[in-house]
Amino acid sequence: MPRRAEKRPPAGDTPSAGASSLLRELDGYAFSYAYPGSQLKDHIYERSRRLFAVGDAQRDALLTREAVLGRQTEIHKAVLDAIGGLPPSDAPLNARVTGILEGRGFTVEKIIFESRPHHYVTANLYVPAHRNGRIPAVLFLCGHHVASKQHPEYQVVCQTLAHAGLIVLAQDPVGQGERFSYFDPATGLATVSAGTRDHDTAGVQCRFLGDGVARYFLHDAMRGIDYLSTRSEVDPDRIGVTGNSGGGTQASLVMLADPRIAAAAPATFIMTRDSYQRTGQPQDAEQIWPGFTRAGYDHEDILLAMAPKPVCVLAVTADFFPIEGTRRTVGRAKRIWELFGCGSKLELVEDRALHAYTRPLARAAGHFFAKHLLGREVDLADFAPDPFPPDKLQCTKSGQVRSEFADAEFVFDATGARLKEAGQTRRAAPAEERKARAVEWL
């Protein structure tokens, strides 16, 4: 039988008045029969594992094409609900080309467009020099390298895809590249570090409204597809998506939410949520989709959302996203493509490497998109990418949209506008309704 908590006076200390005395008194209580430090985590992890099992059972019950299509509809709605829906996409893109670079067999156009009014997206468009009519395109979504589209690792992927004969749009996500959210033009410094710190700061602000910052990452990506569709060189019915790490997250969101995508190659992200939970690592703000676990969804559903379209999961064997989870997810999802009579359209390519969009994975993506979007095989064995100096790919003169555009807005501006709308709606409701809603929430 557990013993009562024993009160142990702090050694060598005399209680004094006020809060400090109370804190010292509380510190004196010792629970000698249990260590409570991990109990909350253990409880949440165990509850999550039970829900992961429920999700497996739900997916195992998908025995017909109709059932798969029904789950796709559910997933699409669930992910949009989880992130607070999407901003409107009816505003003009106001796209402009700010410069052109010549590469070996391709050009790079430096693009700026507005995903929402005053939200400027900086991007590079790789266009093969030799093409015939409208050709396929791939949206490349960057991971967490702060330099984003300008990072040599990502340039290698984009150049490889362009060499394969595909148009590629690589765009900076929120808080990276030329889109630092908290950049101060006066000092030339970011008051909040770019990348994950930027994302988490904006994400916490979103959370108080019931939004996920992922809504803005996804919306930017979908507007990138809108931009590709305006280009006379692009066949809008043959657009693919790829990206690794945080870009794999964004690619996964696009796979879940945008039916226009004809093929997808998510890299170094697809796993199982149970396997990642066991690593004890956190996730970036845009990787958190509230309610996903409760609904029984997992990364297998990211793949199922694309069936029976071509999907190539790209992975490395020494990742912090466990390769065992990747193999399980792809292995389980394979039967869904077989149900549609096209099992070969779901594949897994692994490279023995650390977390990166490696050159072997870039070549695998080139082969995959050429096969399924161009309808032909390509030889990439001897292609040697030659990344530009990063500053050459800048779309703005200063390197940051906040310095370039006085009217530039960011996620916290959108959150502020959403907060104002929510306040107006709340104040317009009768007092009894507000009280009832508050009680229901509690």
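In this text the structure is predicted, and so the values were computed from the model without any measurement.

Asker: Just checking my understanding: could you explain the environment of arginine 434 for this structure?
Answerer: Along the polypeptide, arginine 434 turns up in helix α14 (residues 431-441). Since its relative accessible area comes to 34%, arginine 434 is described here as partly exposed. Note: C-alpha distance between arginine 434 and arginine 376 (58 residues apart in sequence) is 61 Å. With near-sequence residues (within four places) excluded, arginine 434 lies in contact with Arg426, Arg427 and Ala429.

Asker: Explain the pattern of salt bridges to me, please; I cannot follow it from the model alone.
Answerer: Should the charged atoms of two oppositely charged side chains come close, the side chains can pair. Counted by the stated rule, this structure contains 24 salt bridges. Linking arginine 71 and aspartate 301 is a salt bridge whose minimum nitrogen-to-oxygen distance equals 2.6 Å. Of the two residues, arginine 71 is situated in helix α3 (residues 65-82) and aspartate 301 in helix α9 (residues 299-304); the sequence distance between them amounts to 230 residues. Across the pair, exposure class does not vary: arginine 71 and aspartate 301 are buried alike. For the salt bridge of arginine 231 with glutamate 109, the shortest nitrogen-to-oxygen distance reads 2.8 Å. Taken together, the positions of arginine 231 in the loop between α6 (214-230) and β10 (234-244) and glutamate 109 in strand β4 (residues 106-116) put the pair 122 residues apart, joining distant regions of the chain.

Asker: Even after reading the chapter, I still don't get the packing of aromatic side chains, so can you show me in this structure?
Answerer: Two aromatic rings are characterised by how far apart their centres lie and by the angle between their planes. Tallied over the full model, the rule gives 14 aromatic pairs. Ring geometry for phenylalanine 269 versus phenylalanine 321: centroids 5.5 Å apart, planes at 90°, classification edge-to-face. Of this pair, phenylalanine 269 sits in the loop between β11 (263-267) and α8 (273-277) while phenylalanine 321 sits in the loop between β12 (311-318) and α10 (323-339); the two residues are 52 residues apart in sequence, bridging distant segments of the chain. For the pair shown, phenylalanine 269 and phenylalanine 321 are each scored as buried. Aromatic side chains tryptophan 289 and phenylalanine 292 sit 5.0 Å apart centroid to centroid with 80° between the ring planes, which places their arrangement in the edge-to-face category. In this structure, tryptophan 289 and phenylalanine 292 share a single accessibility class: buried. Taken together, the ring pairs connect Phe269, Tyr276, Phe320 and Phe321 into an aromatic cluster.

Asker: Looking at this structure, how should I read α3?
Answerer: Note: α-helices contain 3.6 residues per turn, so residues at a spacing of three or four share the same orientation. Taking 1.5 Å of rise per residue, 18 residues should cover 26 Å, and α3 covers 26 Å from first to last C-alpha, within 8% of that figure. Restricting attention to buried positions, one finds in α3 the residues Val68, Arg71, Gln72, Ile75, Val79, Leu80 and Ala82. Here the buried residues of α3 occupy an arc of 165° about the axis, which is enough to place them on one side. Looking at α3, the residues exposed on the side facing more than 90 degrees away from the buried face are Glu66, Thr73 and Lys77. Against the buried residues of α3 lie α2 (39-60), α6, α7 (246-257), α9 and α10. In the stretch just after α3, glycine 84 is the one whose phi turns positive, near 90°.

Asker: Help me understand the sheet that holds strand β13 (residues 346-354), please; the structure alone is not making it clear to me.
Answerer: Strands belonging to one sheet form pairs held by backbone hydrogen bonds; the direction of such a pair is parallel or antiparallel. Strand order in this open sheet of 9 strands is β3-β4-β5-β7-β6-β10-β11-β12-β13, and the pairing throughout is mixed. Each edge of the open sheet is held by one strand with a lone partner, namely β3 (96-102) and β13. When strand polarity is set aside, the average angle formed by the axes of neighbouring strands in this sheet is 20°. Where β4 lies against strand β5 (residues 119-128), 10 bridges are found, and the strand directions are antiparallel. Note that in β5 the partner of arginine 116 across the bridge is histidine 119. Taken strand by strand, α7 contacts β6 (135-141), β10, β11 and β12, and its axis lies near 140° from that of β10.

Asker: Help me understand the layout of surface pockets in this model?
Answerer: Size it by volume and the largest pocket reaches roughly 840 Å³. Mapped onto the lining of the largest pocket, the elements with two or more residues apiece are α2 and α8. Within the lining of the largest pocket, the residues separate by chemical class into 12 nonpolar, 8 polar and 4 charged. Space inside the second largest pocket adds up to approximately 470 Å³. Taken together, Phe208, Leu209, Gly210, Ala422, Thr425, Arg426, Arg434, Arg437, Ala438 and Trp441 make up the lining of the second largest pocket. Of all the elements in the fold, those that place two or more residues in the lining of the second largest pocket are α13 (411-428) and α14. Tallying contributions element by element places α14 first for the lining of the second largest pocket, with 4 residues. The residue inventory of the lining of the second largest pocket, partitioned by class, reads 5 nonpolar, 2 polar and 3 charged.

Asker: I'm lost on α6 in this one. Help?
Answerer: Over its 17 residues, α6 runs 25 Å from end to end, which matches the ideal 24 Å to within 8%, given 1.5 Å per residue. Among the 17 residues that make up α6, 15 are buried, leaving the element largely enclosed by the rest of the structure.

Cut-off values and rules
Residues numbered from 1 in each chain as written. Predicted model: local features only at pLDDT ≥ 70, side-chain atom pairs only at ≥ 80, totals over all residues. Heavy atoms only, no water. Helix = DSSP H or I, 4+ residues; strand = E, 2+ residues; numbered from the N terminus. Buried < 20%, exposed > 50% of the residue type's maximum accessible area, 1.4 Å probe, protein only. Contact = heavy atoms within 4.5 Å. Salt bridge = Lys/Arg side-chain N within 4 Å of Asp/Glu carboxyl O. Phe/Tyr/Trp six-rings, centres within 6.5 Å; stacked < 30°, edge-to-face > 60°. Expected span 1.5 Å × (residues − 1). Arc of directions from axis to C-beta. Pairing = 2+ DSSP bridges. Axes fitted to C-alpha atoms, helices over the stretch in contact; angles between N-to-C directions. 1 Å grid on protein atoms, 1.4 Å probe; cavity = no way out; pocket = protein on both sides within 12 Å on 5 of 7 lines; lining within 4 Å. Points joined across faces, edges and corners; volume = space filled by probe spheres on them. Nonpolar A, V, L, I, M, F, W, Y, C, P; charged D, E, K, R; others polar.

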